[in-house]
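Survey of secondary and tertiary structure
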Amino acid sequence: MNENIEVVVIGGGYAGVMAANRLTQRDDVTVTVINPRRTFVPRLRLHQLAGGTHDATVAYPEVLAEGVRLVADTVTRIDAPGRSVTLASGGTVGYDYLIYAAGSGSAEPSVPGASEFARPIATLEAAQQLRSALEAAPAAAPVVVVGGGPTGIETAAELAEQGRRVTLVCGGVLGPYLHPRARRTAARRLARLGVTVLDGPDTKVTAVARRAVRLGDGRELPSEVTVWTVGFGVPDLAARSGLTVDAVGRLITDETLTSVDDERILAAGDSAAPSDLPFRMSAYGAGCLGAHAADTILARIAGEPPAPIDLSFPAMCVSLGRRAAVFQLARKDDTARRLYVGGRAGAKLKEISCQFSVKHLVAEARRPGSHSWPKGDHRKQVLQAERGGAPSTVARAS
Ligand SMILES: Cc1cc2nc3c(=O)[nH]c(=O)nc-3n(C[C@H](O)[C@H](O)[C@H](O)COP(=O)(O)OP(=O)(O)OC[C@H]3O[C@@H](n4cnc5c(N)ncnc54)[C@H](O)[C@@H]3O)c2cc1C
């Protein structure tokens, strides 16, 4: 009889849940997901939570396969040589394999006053606090959203649609990822919603005060509620545990998603940096990486060589309130194409992709092993150009 194999997954987000569900293909594998909350957070709805159109939670039994154990706790340390993790509540959990899927949150702002007076939106708790702050503010009070990336655009549009007076400070280009045509469409929609967009190099925020935001060109904008959407950060758990991480703190793996330090540790989602060349942080990518991390473990258990990750991004979608969006089609190298779908059709596609990010998890819970995704050989080429070697044999860090 086979011995039971214990897999612990740190983080019950898109990557962790997908990995856990996929691992249920084998009866001799026991999976434990450790996550601070008892509810799954579809983070791509957090701007809706701030705007009051969604609560951005899903009950775990809806997305997690039966038989996967959920421990509501936070991992405070990974003991790689001892193959165990320490929990905030005390105690340890041992593993044969560990999947590090701790995701991302807001980056710590370096601008004076921002940590004190600006509100992040990148976690459930942060978005809930932002919602409360907005509810406490007068309806006509000025709101400044800092950051011209997808989260900033989505938040500004959502709040403006709820009747808020919003200024979006980009600190550079509006929607840098978008093709210029899609960017113009987004700018028009934001203007129609009443959002004042400040873009260009002079619009970098240099200081945040209790009721104002200062820009590089000296302008001072009144702001009752300031929302900070600039960049994502990752938990420092891997770094604190002595594992090799990239400059941001993502766990560095090879192309099979195995830690460069330890064959029993894998990483997936926003907190993973395969070959120190991480994929774009996204729910879509997280699900695919989660599935691939599970496949690597299943291959090792079966005594087969694990495959390198292969993944291409078909699109990026930015909502512009509830009635419009830009569904930007992408090339295999994840750069924007000329083609995009805007307006109501774009909003429909965006809603479908939000629903699918959860439906994929449900499908994998019901039929483990079923999740598949578009592949492309672009990554292989980039890695070969960067390293001059085959991606699956990327050298392990010392
Ligand atoms: C407002 C907003 C809009 C977005 N819109 C989109 C979009 O339209 N499309 C898209 O693809 N992506 C979008 N994203 C990004 C997307 O949400 C993330 O890329 C995705 O959630 C990453 O999934 P993940 O599984 O890696 O991590 P997460 O979803 O962050 O899950 C990680 C989990 O690990 C838990 N965790 C962390 N540390 C520990 C620990 N020490 N112990 C135990 N558990 C821990 C966290 O609490 C969390 O539950 C958006 C993000 C935001 C904030």
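Residues numbered from 1 in each chain as written. Predicted model: local features only at pLDDT ≥ 70, side-chain atom pairs only at ≥ 80, totals over all residues. Heavy atoms only, no water.

**Considering the environment of Gly51**
By the secondary structure assignment, Gly51 is in helix H2 (residues 46–51). Relative accessible area serves as the criterion here: at 4%, Gly51 is assigned to the buried category. In sequence terms Gly51 and Ala209 are 158 residues apart; their C-alpha atoms lie 23 Å from each other. Among residues more than four places away in sequence, those in contact with Gly51 are Arg131, Glu158, Leu159 and Gln162. (Helix = DSSP H or I, 4+ residues; strand = E, 2+ residues; numbered from the N terminus. Buried < 20%, exposed > 50% of the residue type's maximum accessible area, 1.4 Å probe, protein only. Contact = heavy atoms within 4.5 Å.)

**Considering the packing of aromatic side chains**
On inspection of all chains with the given rule, the structure shows 4 aromatic pairs. Judged by centre distance (5.3 Å) and plane angle (85°), the ring pair of Tyr14 and Phe40 falls under edge-to-face. Of the two residues, Tyr14 is situated in helix H1 (residues 14–23) and Phe40 in strand S3 (residues 39–40); the sequence distance between them amounts to 26 residues. Exposure remark for Tyr14: the relative accessible area of 8% places this residue in the buried category. Taking the centre distance of 5.4 Å and the plane angle of 70° together, the rings of Tyr284 and Phe313 count as edge-to-face. Of this pair, Tyr284 sits in helix H9 (residues 283–302) while Phe313 sits in the loop between H9 and strand S23 (315–319); the two residues are 29 residues apart in sequence, bridging distant segments of the chain. The exposure class of Tyr284 is partly exposed, given its relative accessible area of 30%. With relative accessibility at 4%, the residue Phe313 sits in the buried group. Directly above the aromatic system of Phe232 lies the positively charged group of Arg43, at a separation of 5.4 Å from the ring centroid. In this arrangement the basic side chain of Arg264 is found over the ring face of Tyr97, its NZ or CZ atom lying 4.8 Å from the centre. (Phe/Tyr/Trp six-rings, centres within 6.5 Å; stacked < 30°, edge-to-face > 60°. Lys NZ or Arg CZ within 6 Å of the ring centre and 35° of its normal.)

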